[in-house]
Amino acid sequence: MGRLFIEYLEGRVYCCAGCHQHIAPHSKLISRQFHSKAGRAYLFGDVVNVALGPEEERLMTTGAHVVRDVTCSRCLKALGWRYERAHEPSQRYKEGKTILERVNVVVVHTAASDGARPPRSGYAIGGDDDSSDDECPV
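Residues numbered from 1 in each chain as written. Predicted model: local features only at pLDDT ≥ 70, side-chain atom pairs only at ≥ 80, totals over all residues. Heavy atoms only, no water.

**Looking at the overall build of the chain**
Working step 1: Of the regular secondary structure elements, the chain holds zero helices and 11 strands.
Working step 2: Here the chain holds 138 residues, and 41% of them are scored as buried.
Working step 3: Considering only contacts in the chain between residues 6 or more positions apart, those separated by 24 or more positions represent 46%.
Working step 4: As displayed, the chain has an accessible area near 7600 Å², and 52% of this comes from carbon and sulfur atoms. (Helix = DSSP H or I, 4+ residues; strand = E, 2+ residues; numbered from the N terminus. Buried < 20%, exposed > 50% of the residue type's maximum accessible area, 1.4 Å probe, protein only. Contact = heavy atoms within 4.5 Å. Areas by Shrake-Rupley, 256 points an atom, 1.4 Å probe, with all protein chains shown as cover.)

Now the structure itself:
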């Protein structure tokens, strides 16, 4: 299978709720105004450390889209989906962007480092409250 390349992020980071693998920096968050079957969802410009499923067409509340499921590359937990193509011109801004479902991610604050993985004790994990992503002390 080969060695898994993992990218570590600094600052406020959205991570897989299953294994705390870094997925997206807060700076790439575009919108919190999305919803999924599981509840709240966030739109991100760029994500890392994910695996993409095959393209499939889905009819969503905003119209038909070609999407790919997004899973954590470490534990394979379903995280959301990536918009590949939108059929409606008004929805084309989503193309190439990723939706992460709030129930599948946690917010972590990492200390600035030289690129090495911060120690587990350096994490402050955000709460599960949908109204706020503020960290809680560890």
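**Structural notes on the pattern of salt bridges**
Working step 1: For the coordinates displayed, the defined rule picks out six salt bridges.
Working step 2: Two residues, arginine 58 and aspartate 69, come together in a salt bridge whose shortest N-O distance is 2.3 Å. Residue arginine 58 is located in strand β6 (residues 56–60), and its partner aspartate 69 is located in strand β7 (residues 63–72); the two are separated by 11 residues in the primary sequence.
Working step 3: Judged by relative accessible area, which is 21%, arginine 58 ranks as partly exposed.
Working step 4: Glutamate 95 serves as the salt-bridge partner of arginine 92, at 3.8 Å between the closest nitrogen and oxygen. (Salt bridge = Lys/Arg side-chain N within 4 Å of Asp/Glu carboxyl O.)

**Some words on the layout of surface pockets**
Regions of empty space are outlined by a rolling probe, equal in size to a water molecule, passed over the atoms.
Working step 1: What the largest pocket holds in volume is close to 310 Å³.
Working step 2: Around the largest pocket, the lining is made up of 13 residues, and of these His35, Ser36, Lys37, Met60 and Trp81 lie nearest the centre.
Working step 3: Every element with two or more residues in the lining of the largest pocket is listed here: β3 (29–36), β6 and β8 (78–86).
Working step 4: Tallied by class, the residues present in the lining of the largest pocket amount to five nonpolar, four polar and four charged. (1 Å grid on protein atoms, 1.4 Å probe; cavity = no way out; pocket = protein on both sides within 12 Å on 5 of 7 lines; lining within 4 Å. Points joined across faces, edges and corners; volume = space filled by probe spheres on them. Nonpolar A, V, L, I, M, F, W, Y, C, P; charged D, E, K, R; others polar.)

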